[in-house]
Amino acid sequence: VLFRSVLNAFCTHRYQFLSYQSGIVIRTAVSSAIYEKSLILSPKGREGLTSGYVTNLVATDTQKLFEVMHDGHMIWSAPLAI
C-alpha cells in the first residue's frame, strides 16, 4: 500500500510537471505569434484593433490555452483512474 501511494505521488507530480511545461510552451508560442502579427499589420489592418483587444488576446485567451493543456488531459485520463 505504501509503495503504491509513493508511486502514485511520483506519477502525479510528473504528470503535473509535463502539463504545466507544455502549457507554458503553448502559451508562449501563441503570445509570440500574436505579438509578431500585431507588429507587422499595416495601419489599415489595425483599424479595428484596439490595444485592449490585443492585450486580451495575449493575457486572457492564452491563459485559457494554458489551462486546457493542464485540465484537458483529465478527459482521457479520468477513465483510467476509475
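Bear in mind the structure is a predicted one, so any value in this text is a computation, not a measurement.

Comments concerning the layout of surface pockets
Here is step 1: By volume, the largest pocket amounts to about 340 Å³.
Here is step 2: In this structure, the largest pocket is lined by R4, N8, C11, T12, Y15, M74, W76, S77, A78, L80 and A81.
Here is step 3: Those elements that provide at least two residues to the lining of the largest pocket are α1 (2-40) and α3 (73-81).
Here is step 4: Looking at the lining of the largest pocket element by element, the count peaks at six residues for α3.

Here we look at the packing of aromatic side chains
Here is step 1: Counted according to the given criterion, the structure contains one aromatic pair.
Here is step 2: Ring geometry for Y20 against F66: centres 5.7 Å apart, planes inclined by 20°, an arrangement best described as stacked. In this pair, Y20 is assigned in helix α1 and F66 in helix α2 (residues 51-71), connecting sequence segments 46 residues apart.
Here is step 3: Judged by relative accessible area, Y20 falls into the partly exposed class, the value being 38%.

Some remarks on the environment of T12
Here is step 1: You can see T12 is positioned in helix α1.
Here is step 2: Residues T12 and G52 lie 40 residues apart in sequence; the distance between their C-alpha atoms is 38 Å.
Here is step 3: A distance of 2.8 Å separates the side chain of T12 from the backbone oxygen of N8, its partner in a polar contact.

A look at the environment of G52
Here is step 1: Relative to the assigned elements, G52 resides in helix α2.
Here is step 2: Given a relative accessible area of 45%, G52 falls into the partly exposed group.
Here is step 3: Sequence separation between G52 and I24 is 28 residues; the distance between their C-alpha atoms is 22 Å.

With respect to a nonpolar patch on the surface
Here is step 1: Residues L2, V6 and F10 make up a contiguous nonpolar surface patch of about 340 Å² in total accessible area.
Here is step 2: If you trace the backbone, L2 turns up in helix α1.
Here is step 3: Looking at L2, the relative accessible area reads 68%, which means it is exposed.

Observations regarding the packing of α1 against α2
Here is step 1: At a minimum axis distance of 8 Å, the contact between α1 and α2 shows a crossing angle of 155°. The orientation of α1 with respect to α2, classified from their angle, is roughly antiparallel. Where α1 crosses over α2, the two elements pack in a sense that is right-handed. In this structure, α1 contributes Y15, Q16, S19, Y20, S22, G23, I24, I26, R27, V30, S31 and I34 to the contact, and α2 contributes V54, L57, V58, A59, T62, Q63, L65, F66, M69 and H70.
Here is step 2: Here the contact of α1 with α2 is composed, by residue class, of 13 nonpolar, eight polar and one charged.

Cut-offs applied
- Residues numbered from 1 in each chain as written.
- Predicted model: local features only at pLDDT ≥ 70, side-chain atom pairs only at ≥ 80, totals over all residues.
- Heavy atoms only, no water.
- 1 Å grid on protein atoms, 1.4 Å probe; cavity = no way out; pocket = protein on both sides within 12 Å on 5 of 7 lines; lining within 4 Å.
- Points joined across faces, edges and corners; volume = space filled by probe spheres on them.
- Helix = DSSP H or I, 4+ residues; strand = E, 2+ residues; numbered from the N terminus.
- Phe/Tyr/Trp six-rings, centres within 6.5 Å; stacked < 30°, edge-to-face > 60°.
- Buried < 20%, exposed > 50% of the residue type's maximum accessible area, 1.4 Å probe, protein only.
- Polar contact = N/O pair within 3.5 Å; in protein donor to acceptor, adjacent residues only side chain to side chain.
- Patch = residues over 30% accessible without salt bridge, like charges linked within 9 Å, V, L, I, M, F, W, Y side chains within 5 Å.
- Areas by Shrake-Rupley, 256 points an atom, 1.4 Å probe, with all protein chains shown as cover.
- Salt bridge = Lys/Arg side-chain N within 4 Å of Asp/Glu carboxyl O.
- Axes fitted to C-alpha atoms, helices over the stretch in contact; angles between N-to-C directions.
- Parallel < 35°, antiparallel > 145°, perpendicular 65-115°, else oblique.
- Left-handed = near helix turned anticlockwise from the far one by under 90°.
- Contact = heavy atoms within 4.5 Å.
- Nonpolar A, V, L, I, M, F, W, Y, C, P; charged D, E, K, R; others polar.

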